[in-house]
Amino acid sequence: MKRKFVFFALLAACVSATCSMCGNDSDTPEYEFPDGPEPEPEPEPDAYPHGLTVTEFADDLADGKRCLGFVATADPKANPKLRFNAVHLPVQKTPTRIHADFDSENRGKPCVTTNAGYWWAGNSLSLLVSGGVVESIENQTVTRDGKTVYPVRASFGQMASGEFETHWIYCVSDDGNRPYAFPSPLDNDERTGTYMPAPPTSKTPGAALWTPQEAVGGGPMLVKEGRNVAEECYWREVFDGGGIAGTSRQPRTAVGATADGKLLLLVCDGRGMRGSEGFTLAELADKLIALGAVEAINLDGGGSSTMVGCDGTVLNRPSDTGDAETIVQRAVSTAIVISETN
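Residues numbered from 1 in each chain as written. Predicted model: local features only at pLDDT ≥ 70, side-chain atom pairs only at ≥ 80, totals over all residues. Heavy atoms only, no water.

S.K.: Lay out the overall build of the protein with the relevant residues and their values.
M.R.: Regarding its fold elements, the protein presents 4 helices and 22 strands. Per-residue burial for the protein yields a buried fraction of 46% across its 342 residues. In the protein, of all internal contacts separated by at least 6 residues, the share reaching a separation of at least 24 is 69%. Surface accessibility of the protein: about 16800 Å² in total, with carbon and sulfur atoms responsible for 53%. (Helix = DSSP H or I, 4+ residues; strand = E, 2+ residues; numbered from the N terminus. Buried < 20%, exposed > 50% of the residue type's maximum accessible area, 1.4 Å probe, protein only. Contact = heavy atoms within 4.5 Å. Areas by Shrake-Rupley, 256 points an atom, 1.4 Å probe, with all protein chains shown as cover.)

If you want it as structure tokens, here you go:
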């Protein structure tokens, strides 16, 4: 009898322990995860990926006016899947169409799309390099006071190393119209009406072949080595007679880079849209410097200035919209797309 009692006592203890593990939540020990970070949650379909932020700003200007806009900041070091894409459009498209088509071409997920360089009559007037191939060259000549002028204008690009660069560029005829970088806009100055008598060549002092993987042209240079050079370069890149209106406040688009390798894309509204006056070029440069830019260039502005967000909708209010309820976009010849590869 003593052996049977001991057996049943042991059996009851085992059953009691098993029940305490399974049937009583209050006594259930918490599971301890292994050491290491928990996996990041999957992003929402329309959310910006890791390393990319889009923020809205509303800046008070010196005379009590305001400028409203959006800034996209991409950090390729934080997320190596982020890409800077320069897009050439042989047939012009609106930024929302460019965004949608990029998505359908299996080139990765488009996250932010903006307009890029200048155009006229459906054709690009600015440098565009995509995948290391020059798709369009910088406008080689303009006319000022009856003279043919050869402007050397700003471009922004990403090299094979991943680094971002800005340079003053001219596509030289003695080397197949390939883009050459110069240490300055050279000897043009619209303020004084003095211009170079001939275009620069590959033999011009300081000339260096420039071979970015992706690049967009525009101008003028806004920030160089952390310094605001917007007003000086506006005249030396010969923009005053071309409708850029650098000293007045306008809707504007700009691209730049920070010292630690982040990419900045900025679009501001103007002409009264959303109560925004816009920026002068000098104000735009100051804004970019405040955001950390050490290099930046101006892109096409006015009614072309448009930023499309991750979900494919326009974030700002392009000035061609006016009082209309539906956003009005201009079709453009070049664009910038920040994407994330699959």
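S.K.: Run through the sheet that holds strand β1 (residues 52-60), naming residues and quoting values.
M.R.: Strand order in the open sheet formed by 7 strands is β1-β2-β19-β18-β20-β16-β17, and the pairing between neighbours is antiparallel. Each of the sheet's edge strands pairs with one partner strand only, and the pair in question is β1 and β17 (227-228). Note that strand β16 (residues 221-224) and strand β20 (residues 293-298) share 3 bridges and pair antiparallel. Looking at the pairing, Met221 lines up with Ile297 of β20. Lying over the sheet, helix α4 (residues 281-290) contacts β1, β16, β17, β18 (252-258), β19 (263-268) and β20, oriented at roughly 35° with respect to β16. (Pairing = 2+ DSSP bridges. Axes fitted to C-alpha atoms, helices over the stretch in contact; angles between N-to-C directions.)

S.K.: Any details on unusual backbone geometry? Residues and values, ideally.
M.R.: Glycine aside, residues mostly have negative phi, and peptide bonds are mostly found in the trans state. Along the chain, Gly219 connects to Pro220 via a cis peptide bond; the corresponding omega equals 5°. Examined against the element boundaries, Pro220 turns out to sit in the loop between β15 (214-217) and β16. In this structure, Leu186 is a non-glycine residue whose phi angle is positive, near 65°. Tracing the sequence through the fold places Leu186 in the loop between β13 (178-182) and β14 (208-209). The phi torsion at Ala245 lies on the positive side, around 50°, for a residue other than glycine.

S.K.: Kindly report on the layout of surface pockets, identifying the contributing residues and their values.
M.R.: By volume, the largest pocket is sized at about 560 Å³. As for the largest pocket, its lining consists of 25 residues, and the residues nearest its centre are Tyr118, Gly242, Gly243, Ile244 and Asp300. Of the residues assigned to the lining of the largest pocket, the class counts are 10 nonpolar, 8 polar and 7 charged. Quantified by volume, the second largest pocket comes out at close to 320 Å³. Lining the second largest pocket are 18 residues, and of these Pro76, Leu82, Gln158, Gly162 and Phe164 sit closest to its centre. Broken down by element, the lining of the second largest pocket gets its largest block of residues, 4 residues, from strand β3 (residues 82-93). (1 Å grid on protein atoms, 1.4 Å probe; cavity = no way out; pocket = protein on both sides within 12 Å on 5 of 7 lines; lining within 4 Å. Points joined across faces, edges and corners; volume = space filled by probe spheres on them. Nonpolar A, V, L, I, M, F, W, Y, C, P; charged D, E, K, R; others polar.)

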